[in-house]
Each structure stands twice: as C-alpha cells, then as structure tokens.
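Observations on the model geometry
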Amino acid sequence: MASKDTFTIAGERSELPHRGDAVTMPARTRSQFRLVSMPAHLWLAVFTVMGLGTSTALVIRARRARRRWPEPVSASNAVGDQACLSCHREKASFERTAHRLTMRPPTRDALIGSFRPGENVLRVEGTDMHFRMDADSTGFYQSLVTGTGPDSTSRTERVAFVAGSGRKGQSFLYWSGDRLMQLPVSHWTALDRWIGSPGRARIEASASFNRGVAPRCLECHATWIEPIPDLQLDNRYRADSAIIGITCERCHGSGQEHVTRERSFFRHVGRGPGIVNPARLSRDRTMDACAQCHGGPGDPRAPPFTYVAGRRLEDYLHLIPRAADEAVDVHANQVALLERSRCYQSSQMTCITCHDVHRPQRDTQEISGRCLTCHQPQSCPLFATRGAAAIKGRCVDCHMPLETSHLVVSDLEGQLMRVQGRSHWIRVYPETAGH
Ligand code: HEC
Ligand code: HEC
Ligand code: HEC
Ligand code: HEC
Ligand code: HEC
Ligand code: HEC
Ligand code: HEC
C-alpha cells in the first residue's frame, strides 16, 4: 500500500499526509551537503529568508488543501440531492437506487410487507405469543400480543425508519425517547413474509424489544445523524438531525463549497472543485470509499461520520483482516471477497470497474459485459466446448454465483432462514460447469 495519499485534482497533484508519516532524508542526499565558509550573520540572513519562504508556502498549501477538500457531510453543511441534481441532471437515476432508498420514513410506498388482516401476523412457535403489524392514518406499528381473547396483553411500538431498499428485505427502527431501537420483526422480500429480525436465532429473544441501534448501523445506511455522547449507551441520537438513506454527499463530501463555487461568477479562479470525485483517487483510496460500508463491521478509530472519501480509511476504521483460508460472509463484505480474486490481484480493478452507483445495479447480463473489458469469451474453456451462445452475457452466473449467507439468519416460525448474496470472489466454481 502507498504510504501517502496521492491524487490529482483539476490537473494538479496534491498529497494528503496522514498520521504516522515521517519525513526522513536518504543518507546519500545528506552526504551531498557541504559546508561553505561564510560569516555567521550571513548564514542567519539566509536561513531567515529560507524559513519565511518555506512557512509561507506551507501555510498557503495547507489553506488551499483545506479549502479544496470537502468536510464530511453533516446536518450543518449538507446541501441535499436536489441541489446537486439542479446541475447534474444526468445523475437523477440515483434517486431510484438501493443506496438512496436504503433508509426511509415509513410510507405506503416504502413498506413492502402486507398490513392486511390475516397477512399481518407472525406467530411464535410453541408459545401463546404473536407479533402483529398494523397501519392506520397515524402510522405503522408492531405489537407483541401475549395470550388470547380478553386476557391478552400487548406492547406496541411505532415504526420510525424503514431500513433496507427491499432488494432482500426490510427491518424497522423505533424511538424510545432519544434511544434508537430495532423492532423484532422484519420482512423478507423473496418469501414475501414477515420474519424474525436477523441476528436472533429465536424470535423470543426479541420479545423484550431491547435491541439498540449503534452508530455503525447508521454509518452504513444513512448520511448523517448526531449521536448524543453517553458513556453507557451508544444508541442515543438527536432525531431532528437525521439525514437518512445515502445521499450524494455521503460519497462525495459536503457540497457546500462546490455549490458556492459553481454558482459564483469567479468560479474558475484558483480553487479546486471543492468536491471529491472518487474516479480521481488512487486505487487504494477508491477502494476505501466503498470499503467504509462494504468491508464488514470493523473497529472504529475515530468518531462516527468523520470519514470522507479520499482520506485513508485505516485512520478512521480498522477493518479486520481475513486469513486467506478464513470464510468471509457474502453479507456486507464484498471487498474481502473481491480481494481474493485473481482478476483483482492481477489488474487495477476496483468496485467501479463494474458498478455505476448512480444507476440501479441489477442487470447481471450488462455486468457480464464488463468482464469483456479484460477477457475474451474465448478465454473460457466452455466457449470451445459449448459455443458462444452458452456463455455470452452469462459470465457472472457461473463465476460470481449467488451464495448463502451465514450471518443473515432469521427465525420463521421455528425454521432458520438464510439470505442469499452475490459472491464477489471471481473464480472457477467447478459445480457450475453443468449449468
Ligand atoms: C451550480 C451547478 C452545480 C451544482 C449545484 C453542483 N455541481 Fe457538481 N459540478 C458542476 C460543474 C460545472 C462541474 C464541472 C467542474 C469542472 O470541471 O471544473 C461539477 C463537477 C462535479 C464533480 C466532479 C469533480 C471532479 O473533480 O471531477 C462532482 C463529483 C460533482 N460535481 C458532484 C456534485 C455534488 C455531489 C453536488 C451536490 C452536493 C454538486 N456537484 C452540485 C456544477 C454543479
Ligand atoms: C458495515 C456496514 C453495514 C452495517 C454496520 C449494517 N449494514 Fe445492513 N447492509 C449493508 C450492506 C452493504 C447491505 C447490502 C447487501 C449485502 O451486502 O448483503 C446491507 C443490507 C441490509 C438490509 C437488506 C436490504 C435489502 O433490501 O436487501 C437490511 C434490512 C439491513 N442491511 C439492515 C441493517 C440494520 C438494521 C443494521 C444495524 C442494526 C445494519 N443493516 C448494519 C451494510 C451494513
Ligand atoms: C455510493 C457512492 C456515491 C453516491 C451516493 C453518489 N456518487 Fe457520484 N460518484 C461516485 C463514484 C464512485 C464516482 C466515480 C466513478 C463514476 O463516475 O461512476 C462518482 C462520480 C460522480 C461525478 C463525476 C463523474 C461524472 O460522471 O460526471 C459526478 C458529477 C457525480 N458523481 C455526481 C453525483 C450526484 C449528483 C449524486 C447524487 C444524486 C451522486 N454522485 C451520488 C460515487 C457516488
Ligand atoms: C455509506 C455507506 C455506503 C457506501 C459509502 C457505499 N455503499 Fe454500496 N451499499 C450500501 C448499502 C447499505 C447497500 C444496501 C442498500 C439496500 O439494498 O438497502 C448498498 C448497496 C450497494 C449495491 C447494490 C445495488 C443494487 O442496485 O442493489 C452496490 C452495487 C453497491 N452498494 C456498490 C457500492 C460501491 C461501488 C461503492 C463505492 C463507490 C459503495 N457501494 C459505497 C452502503 C454503502
Ligand atoms: C480489470 C480487468 C478484469 C476484469 C474486469 C475481469 N477480470 Fe477476470 N481476470 C483478470 C486477470 C488479469 C486475471 C488473471 C489472469 C492470469 O493470471 O492469467 C483474471 C482471471 C480470471 C479467472 C481465473 C481465476 C482463477 O482463479 O483461476 C476467471 C474465471 C475470471 N478472471 C473471470 C472473470 C469474470 C467472469 C469477470 C466478470 C465478472 C472478470 N473476470 C472480470 C482481469 C479481469
Ligand atoms: C467484476 C465485476 C464486479 C466488481 C469488480 C464488483 N462487483 Fe459488485 N456485483 C457484481 C455483480 C455481477 C452483481 C450482481 C448484481 C445482481 O445480482 O443484481 C454485484 C452485486 C453487488 C451488490 C449486491 C449484493 C447482493 O448480495 O445482492 C453489492 C452490495 C456490490 N455488488 C458491491 C460491490 C463492491 C463494494 C465492490 C468493490 C469491493 C464490487 N461490488 C465490485 C459485479 C461486480
Ligand atoms: C456455464 C457456466 C460458465 C459460464 C456461463 C462462463 N464460464 Fe468461464 N468457466 C466455467 C468453468 C466450469 C471453468 C473451468 C473450466 C475448466 O477448467 O475446464 C471456466 C473457466 C474460465 C476462465 C479460466 C480459464 C483458465 O485458463 O483458468 C476464465 C478466464 C473464464 N472462464 C471466463 C469466462 C468469461 C469471460 C465468461 C463470459 C463470457 C465465462 N467464463 C462464462 C464456467 C462458465
């Protein structure tokens, strides 16, 4: 890995030093210096002038760097997607992507599960408990009902946020005062069923409604929320500060300076674009920009929501390295799997070699076309034996198959259900030969 972040902005190269960088002078250069005999006061004058020059240059450089690199986005400096789209209209398709829709307020449009009587119940096998999902003009609710008839008791909570675009499933969050909690019941798209929220092998464990939502969950599914510092609890937030779902500025940095610049008459005078374009970063930093959410949970090294693309992720979040033979789950860790692929190791491939995150990414046939930027269909031995028609547009089906996650496990009326994910370990899966 490079020890310094080098990237090019508007034709200039600039570097962001990071913690741990030390400037050392190679021995050969040192021996090249020779002492020239000169009176002491002349030396002093020379050093003063040099010193002033250097510090002025450093100050100017630091100010330019600060001005050029955007802040991480927060409630106080966000301009919002509509402002971006007023100029970048060609990116409007982003509003329909899984990123944008990954966390939303509860509305009929956002919720996939059925609230119709008969379809709105999840029984808890072997007990007299069931969960019920209700909707009325005041909102959407989950209740735990214990017992039957007049003797039944219930606890009800109101859905505050819907988590998940619905590609695989949706979970629900609720407020308990200023504490953000996860509701016990989720919805599974492929089965079109209500199901126990993943992570609890048995749904009874959720009956106490006691699962707090830590900042890392929102770092991956939201743009910003302000945590309330508390030594005991890590799930207290200022509700009115929340920007849910992933917006343009979550990946590009706060747009405040960029928008001011683009709207000003002197916009091209001396300043950088004031926004991050991940395509201009080094390969490591491009990977970091996705790895903050697609590299697994990780150990935080800085407060949540302080990372901005272009910085070195390792200074903010330590991703747990995986041994080559250790199993990596297909859920939320595409980075570790991709890194195992020969394609990745033998090329300059990054996530954006295949993905345009401004458009929905569901078309495996289209993505199979990306393979052909480096490969020929003929490089697959099956081309010779089965012919072009059998493999064209299908590279992904056999070399990046769907696999079952062992992390995302849910309880459905006593049965354990596992979600499927796309393997990002591109390789030969011998079992696909017969497909
Ligand atoms: C007033 C119009 C305007 C608005 C609003 C605007 N942009 Fe831009 N943006 C531009 C123009 C013009 C360029 C090309 C600038 C150049 O080439 O110097 C640009 C360039 C960019 C780039 C590429 C920068 C680079 O280094 O290649 C990104 C990324 C970007 N904008 C993202 C955004 C985001 C995100 C927002 C919202 C926070 C936004 N823009 C809002 C006009 C705008
Ligand atoms: C490290 C980042 C990360 C964390 C932490 C995280 N997720 Fe996710 N989550 C993802 C990614 C990435 C996906 C996309 C699918 C995949 O990779 O399996 C996802 C998928 C989901 C989905 C399915 C979405 C769909 O429609 O397919 C739900 C629901 C979800 N997450 C809820 C949560 C909740 C609730 C929390 C916290 C309590 C959480 N996630 C924590 C990154 C994360
Ligand atoms: C998930 C991260 C992510 C989000 C969210 C995101 N972008 Fe990007 N954006 C990227 C990456 C990566 C690139 C560089 C590769 C590329 O061009 O696709 C990029 C490039 C760009 C560029 C410069 C290249 C070009 O095609 O002109 C603009 C402008 C831009 N994005 C605008 C936006 C706007 C506007 C939004 C919101 C509507 C947005 N982006 C949301 C990751 C993101
Ligand atoms: C702030 C966290 C975050 C960042 C940064 C991020 N992602 Fe994601 N990404 C997610 C989550 C969460 C999901 C799951 C959304 C869902 O379905 O609810 C997701 C889903 C996706 C998907 C599936 C899209 C689909 O149409 O189903 C792709 C592909 C993807 N991300 C690629 C990328 C790439 C490439 C980058 C880097 C340029 C990136 N992401 C950066 C959080 C993030
Ligand atoms: C950025 C270039 C690039 C892209 C895009 C790419 N590959 Fe590769 N791939 C390579 C390189 C380089 C190798 C290694 C070749 C070697 O070592 O001889 C490789 C190797 C492979 C191998 C052999 C792996 C092994 O473990 O032996 C398979 C299979 C493969 N690629 C399939 C694919 C498929 C399918 C896609 C699209 C989903 C794809 N590649 C996309 C560059 C790429
Ligand atoms: C060689 C091409 C390729 C590269 C490189 C690549 N992906 Fe994908 N990705 C795909 C394909 C193909 C799919 C499947 C799309 C579908 O099924 O809808 C996919 C799906 C996804 C999904 C949805 C996951 C799921 O289980 O449904 C996420 C998230 C994602 N990619 C993130 C990333 C990230 C992050 C990177 C970089 C670490 C990356 N991808 C690099 C080809 C690629
Ligand atoms: C029906 C499943 C299937 C499809 C579709 C498929 N492959 Fe393969 N591919 C295989 C299998 C199986 C092997 C291993 C065959 C062998 O070793 O005899 C393989 C081997 C390869 C290799 C490795 C060759 C080597 O020398 O190690 C590459 C590269 C490759 N495929 C690329 C592709 C590309 C590119 C496409 C899309 C145009 C594709 N494959 C479509 C099943 C498939």
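Model, not experiment: these values are computed from the prediction. In this convention, every chain numbers its residues from 1, walking through the sequence in written order. To read the labels, note that chains go from A and ligands from 1, taken in the order they are written. The predicted origin of the model limits local features to residues at a pLDDT of at least 70 and limits the giving and counting of side-chain atom pairs to 80 or more, whereas totals for whole chains, interfaces and linings rest on all residues.

**Let's talk about the nonpolar core**
Most often, soluble globular proteins have nonpolar side chains that are buried together. The condition is simple: Residues of type Ala, Val, Leu, Ile, Met, Phe, Trp, Tyr and Cys that are buried and joined through C-beta atoms within 7 Å form what is called a nonpolar core. Comment: burial labels come from other C-beta atoms within 10 Å of the residue's own C-beta, placed from the backbone, where a count of 20 or more is buried, 12 or fewer is exposed, and between is partly exposed. Put simply, DSSP H or I for four residues or longer makes a helix, DSSP E for two residues or longer makes a strand, and each gets a number counted from the N terminus. Contact between two residues is assigned whenever their backbone-derived C-beta positions fall within 7 Å.
Within the largest apolar cluster, 30 residues are counted, with the highest numbers of intra-cluster contacts made by Ala 289, Cys 290, Ala 291, Tyr 307, Ala 309, Leu 313 and Val 335. For this core, the secondary structure elements donating two or more residues are α6 (248-252), α8 (283-294), α9 (334-339) and α14 (395-399). Looking at which element gives the most residues to this core, the answer is α8, with five residues. In this structure Ala 309 touches Cys 251, Gly 253, Val 276, Pro 278 and Ala 289, once residues within four positions along its chain are discounted. Ala 160, Phe 161, Ala 163 and Tyr 174 belong to the second largest nonpolar core, which has 29 residues in total.

**Focus: the pairing of strand β5 (residues 129-136)**
Selection criterion: The rule for pairing is simple: two strands pair if DSSP sees at least two bridges between them.
Sheet topology note: the strand β4 (residues 121-123)/β5 ladder contains three bridges and is antiparallel. Residue pairing across strands places Val 121 opposite Arg 132, the latter belonging to β5. Linking β4 to β5, which pair antiparallel, is a turn of five residues; within it Gly 126 sits at a positive phi near 75°. Note that β5 and strand β6 (residues 139-146) share eight bridges and pair antiparallel. Paired with Asp 134 across the two strands is Tyr 141, which belongs to β6.

**Thoughts on the site of ligand 7**
Short version of the rule: Any residue whose C-beta atom, as placed from the backbone, lies within 6 Å of a molecule or strand is termed near it. Residues are grouped as follows: Ala, Val, Leu, Ile, Met, Phe, Trp, Tyr, Cys and Pro are nonpolar; Asp, Glu, Lys and Arg are charged; every other residue, Gly included, is polar.
Taken together, 19 residues sit near ligand 7, with Cys 380, Arg 394, Cys 395, Cys 398 and Ala 433 positioned nearest. Of all elements in the fold, only α11 (364-371), α12 (381-386) and α14 reach the threshold of two or more residues within the shell around ligand 7. It is α14 that provides the largest number of residues to the shell around ligand 7, a total of four residues. Of the residues assigned to the shell around ligand 7, the class counts are ten nonpolar, six polar and three charged.

**Section: the site of ligand 5**
Lining the immediate environment of ligand 5, one finds 18 residues, of which Cys 343, Ser 346, Cys 371, Cys 374 and His 399 sit closest. Listed by contribution, the elements that provide at least two residues to the shell around ligand 5 are α10 (342-345), α11 and α14. No other element matches α14, which puts three residues into the shell around ligand 5. Residue composition of the shell around ligand 5, by class: nine nonpolar, six polar and three charged.

**Some words on the sheet that holds β5**
Strands pair in a sheet through their backbones, by hydrogen bonds, and they do so in one of two ways: parallel or antiparallel. We apply this condition: Orientation is described by lines fitted to C-alpha atoms, with helices fitted over the stretch in contact, and by angles between N-to-C directions that extend from 0 to 180 degrees.
The sheet built from four strands is open, its strands ordered β4-β5-β6-β7 with antiparallel pairing. A single partner strand is all that each edge strand has here, and the edge strands are β4 and β7 (153-158). Strand-to-strand twist of the sheet, defined as the mean angle between neighbouring strand axes without regard to direction, takes the value 20°.

No statement about biological role is implied by the geometric values presented.
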